[in-house]
Structure formats: structure tokens, C-alpha cells
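Chain and residue survey
Listed below, chain by chain, are the residues.
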Amino acid sequence: MAKLKKPTVKNPQLVEALAELKEHSTQGAVKNLMEALKGAQLIAPVIIDNMPEDLDLSDGKQFQTNAKFTMLQQKDGSRYFPAFTDWLEVLKWRNDPEINTVVMTVEQYANLMQRSGEASGIVINPSEQGYLIDRPHLAQLTGLTLPPAASEYRNEPLPEPTLNPKVAFADASTLSNPQLVGAIAAFRKKSTQETELPMIDALFRSQVIAPVQLINAEQDLNMADGEKHQTQIKFVMVLLSESGIKNLQNNDKKFFPAFTDMEELNRWQNPPEYRTMIIPFLQYAAMFQQNGDAEGIVVNPFREGESVAMPKANVIDLAKRFVHYQRQQQQNRVQLFDLKDKPIDLMKELSAHFEEVPEVHAAYMTGMRVGNKESVMLVLDCDQVEDTKSLFQPAAQIVNRHTNGNPPGIITTQHDMSKSILERTKPFYQE
């Protein structure tokens, strides 16, 4: 089998930054390492099964293949992509001169993690002590939005499907999903990470139409408050094959159809008898936990060339990732509250600090809760400055000493959130 050429990349700035961090674990050393990583060319070991023996990549020739990227598992079960600064570090890790490798940037590693939740980050030069960079720091470094790693959400259960008949059996002709339809069209036009992620997000935030058959149901399901009807709901399924969508037959692969609106459902020619039901896509996905027959979900199956089919395992994985993300958002949601007991010592220390900062003309304070941690939110009436970090950071360090290290929120009076704070709070500092 042919081998890729041995990479000749060197990363002297990164190697120096790693050595500095190993010697002195300071914030400055971490900052230098992050800066060095931005321009680094890193070596990634790969497994390539279908590379021909006589591969010739001279004169700009290209060869397309599916490369499997090696991952290393930590003691806690998390997995990381190894990244090496030079060829010698690769050989320290695995003494195999014939190993296949490719050269990657940090952004390209992050792009890999946008599509897959398997890796928790990258580990640089794992043959020695190794330096771990997790997903949040990679996102911060590259400016990309990275979903959580699979190890964070795989064991989380999906919410049990619930049914409110008054909503589920409402008039389906009123349902529309313009955002979802637009996201699907963009993805079908150009299948990239930039179009796939908005489509997945729109799917799990949407409600869709499901065709169902009702067994032992009363003809009129318009129930007054408190009325109950016992019935069995059977979800209609369709066959998805290479030749297209067909009505279900014996021994065929079964898919749940999901329709964005009645126009899409009306494309179904010769359908079985059914009733329409409006259901959140997330609950549709949760049904896989109770129904082992369906192979997956297909969205708008009768729109030729624009339907989207998702296998069961992918749907469950994405649903768990979405639920995990929602819970994180809830935990990280900022809640503001009035301070019953004013932190006088903190206000005095901040006021003395702002006396030395001519850009700040007034400062307001209110309570802030993020998850189960409490701190304060500061609103500064100040001049516009190019570097807000240099303005905010000293004030944040003062607050940290009074809040057991729980970081504050700091905004200016131009921020949308400041309006409600200014309406009910008087400044504790004014020049």
C-alpha cells in the first residue's frame, strides 16, 4: 500500500510555548500557547484503507478518500484527537516510520468536531505529558460553535413522549415551518457544516405533522376540559428505498414520515386512511425509545430531491445533544434580582477604583444568579473604549474577592439588558 509523504512541518513557537507552560503554569503562558496554536500546522495520524499502491500525487494531482482519525481515550472515558508539533513527536508516540499522517490546523480539528461529538478535544504531543484542549477552548480559539462531546450527553435519557390531544389534533392546516423549510432547502442546495447545523437546530425546535391511525377512537376528539378518551394511536410509516418512497409493505424498511405543512402531506398519492397529528419533532424522536420497528425519520418524503432522511441512531444522538444543550442554556441563563443586603464593602472598593478611571462616570449594581452561583451585575455609564476588557477586568477582579470567585456580569448602559436595571436601581458610584 502506498504511503503519504512524511510531514516536514516544524512549530518552534508552539514548542517554546509548551515548554514555557510546563515550566511555569501561569495565565501568561496559557495565553502565549493559545496564540502559537492559531498559526500552527499540526500532524494528525490517520487510517486510510483504500489507498492504491501506485498513488501519485505529483504535479498537483489529488486523491479523494475517507480517512479515519485516530483518537486516544482518557481514564475517565473521554476521547481526544492526538496532535503533534513535529515528526519526532509522532515517533515518540508510535515508533512506526510508515504511519500515515495528515497536516491539520486547529480550525480544521474544530471543523471535525462540528460534525462529530466523539472527541472531547485535542491533546498535543501525548507521548510526553500532553496538553489537553477541550471543546469550549477550541470554540473560543477558532470562533466556531461546537456541540458538546458525546461523553457529556450519551447517557442522558430523552424526555418521555407526552400527548395533549387538544393541541395534537388541532387543525393541521394552520401549521407552517418557514424557518425549517428554508433551512432544509439551504442544506439540500449545498450540504456543508454551515447549512447542516441550522437545519438540525430548526428540526428539533419545530412541530411537524404526523399521519396516524386511531384505534377504538370516538369520532369527535374535540374534548371539553376534563374529558378523557382512551384510544390507541398507530403511527403510519413509509418505505424508504433507493428508488424512492413507497407505501409500507411486508418486510420493508420502515420510516416515520414528518411533514412541515399540509401542502407537503398532500403530495402523498394514494395514502392509507389516516388522521393528522401535530407533534414536536423532539417527541417524534423520543418515540424511538419505545418503538423498535422504525429505521428512522424522513422529513417531507414526497418532495423529490428535497426530502431529508435520518437513521434512528442519528436522530437519537442528535436529540440527546439538543436536550443537553437546552439544559446547559437553562443552567447558564442569567437571572437578575434586587439585592436585599447591599454589599457595602464591595461598593466602597469599586467606587475607590472608579475614582481612578476617568472613562467611568457612574456605576449601578444588582444581584445576578447563573445556575446555583450568585454574584452581581455591574452596569457602567462610561465612554466608549476600544478595549472593554482592560476596563472591565480590574472591576471583575475586585468583585471576585467578595463573591468567592463567582465572576460578575459587567455591561455598559448601551446594552439592552441595562434598561431594566437602570429603571429600578440608583447608582452606587457617580463622579
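Placed above this text is the structure.
The following refers to the structure shown. (Residues numbered from 1 in each chain as written. Predicted model: local features only at pLDDT ≥ 70, side-chain atom pairs only at ≥ 80, totals over all residues. Heavy atoms only, no water.)

1. Observations concerning the overall build of the protein chain
Counting its secondary structure elements, the protein chain contains 15 helices and 20 strands. Taking all 431 residues of the protein chain together, 42% fall into the buried category. Sequence-distant contacts, at least 24 apart, represent 68% of the contacts inside the protein chain between residues at least 6 apart. Roughly 25200 Å² of accessible area belongs to the protein chain as shown, and the carbon and sulfur atoms make up 45% of that amount. (Helix = DSSP H or I, 4+ residues; strand = E, 2+ residues; numbered from the N terminus. Buried < 20%, exposed > 50% of the residue type's maximum accessible area, 1.4 Å probe, protein only. Contact = heavy atoms within 4.5 Å. Areas by Shrake-Rupley, 256 points an atom, 1.4 Å probe, with all protein chains shown as cover.)

2. Side note on the packing of aromatic side chains
In this structure the tally under the stated criterion is 13 aromatic pairs. Summarising the aromatic geometry, the rings of Phe259 and Trp268 are spaced 6.2 Å apart at their centres and angled 25° between planes, so their arrangement reads as stacked. For the pair formed by Phe259 and Trp268, the shared burial category is buried. Measuring from centroid to centroid gives 5.2 Å for Trp268 and Phe302, while their planes differ by 25°, and the two rings are stacked. Of this pair, Trp268 sits in the loop between α10 (262–265) and β13 (275–280) while Phe302 sits in the loop between β14 (296–299) and β15 (308–311), and the two are 34 residues apart along the sequence. A connected cluster of aromatic rings, assembled from ring pairs, spans Phe259, Trp268, Tyr274 and Phe302. It is Arg369 that lies over the ring of Phe337; its NZ or CZ is 4.5 Å from the centre. (Phe/Tyr/Trp six-rings, centres within 6.5 Å; stacked < 30°, edge-to-face > 60°. Lys NZ or Arg CZ within 6 Å of the ring centre and 35° of its normal.)

3. Section: a negative patch on the surface
Taken together, the side chains of Glu355, Glu356, Asp383 and Glu431 define an acidic patch exposed on the protein surface. Here Glu431 falls in the exposed class, since its relative accessible area comes to 60%. (Patch = residues over 30% accessible without salt bridge, like charges linked within 9 Å, V, L, I, M, F, W, Y side chains within 5 Å. Salt bridge = Lys/Arg side-chain N within 4 Å of Asp/Glu carboxyl O. Lys, Arg positive; Asp, Glu negative; His and termini not counted. Charge placed at Lys NZ, Arg CZ, Asp CG, Glu CD.)

4. Re helix α8 (residues 178–189)
Over its twelve residues, α8 extends 16 Å from the first C-alpha to the last, a length consistent with the 16 Å expected when each residue adds 1.5 Å. When α8 is considered as a whole, its buried residues turn out to be Leu180, Ala183, Ile184 and Phe187. For α8, the angular spread of the buried residues around the axis is 100°, confining them to a single face. Looking at α8, the residues exposed on the side facing more than 90 degrees away from the buried face are Pro178 and Lys189. (Expected span 1.5 Å × (residues − 1). Arc of directions from axis to C-beta.)

5. What to know about the pattern of salt bridges
Per the counting criterion, the structure on display carries eleven salt bridges. Salt-bridge contacts for Glu118 lead to Arg79; the nearest nitrogen and oxygen are separated by 3.6 Å. Residue Glu118 is found in the loop between α4 (106–115) and β6 (121–124), and its partner Arg79 is found in strand β4 (residues 79–83); the two are separated by 39 residues along the sequence. Take Glu118: its relative accessible area is 29%, and that puts it in the partly exposed class. Residue classification places Arg79 among the partly exposed residues on the basis of a relative accessible area of 29%. Across the salt bridge formed by Asp201 and Arg205, the nearest N and O atoms sit 3.0 Å from each other.

6. Notes on the packing of helix α13 (residues 344–354) against helix α14 (residues 388–400)
At their nearest, the axes of α13 and α14 sit 10 Å apart, and the two run at 160° to each other. It follows from the interaxial angle that α13 and α14 lie roughly antiparallel. Crossing handedness for the pair α13 and α14: right-handed. For the pair formed by α13 and α14, the contact residues are Leu346, Glu349, Leu350, His353 and Phe354 on the first element and Pro394, Ala395, Ile398 and Val399 on the second. Tallied by class, the residues present in the contact of α13 with α14 amount to seven nonpolar, one polar and one charged. (Axes fitted to C-alpha atoms, helices over the stretch in contact; angles between N-to-C directions. Parallel < 35°, antiparallel > 145°, perpendicular 65-115°, else oblique. Left-handed = near helix turned anticlockwise from the far one by under 90°. Nonpolar A, V, L, I, M, F, W, Y, C, P; charged D, E, K, R; others polar.)

7. Looking at the environment of Asn177
When you line up the elements, Asn177 lands in the loop between α7 (165–168) and α8. As a C-alpha pair, Asn177 and Leu203 span 26 residues in sequence and 9.4 Å in three-dimensional space. In contact with Asn177, other than residues within four places in its own chain, are Ser206, Gln207 and Thr260.

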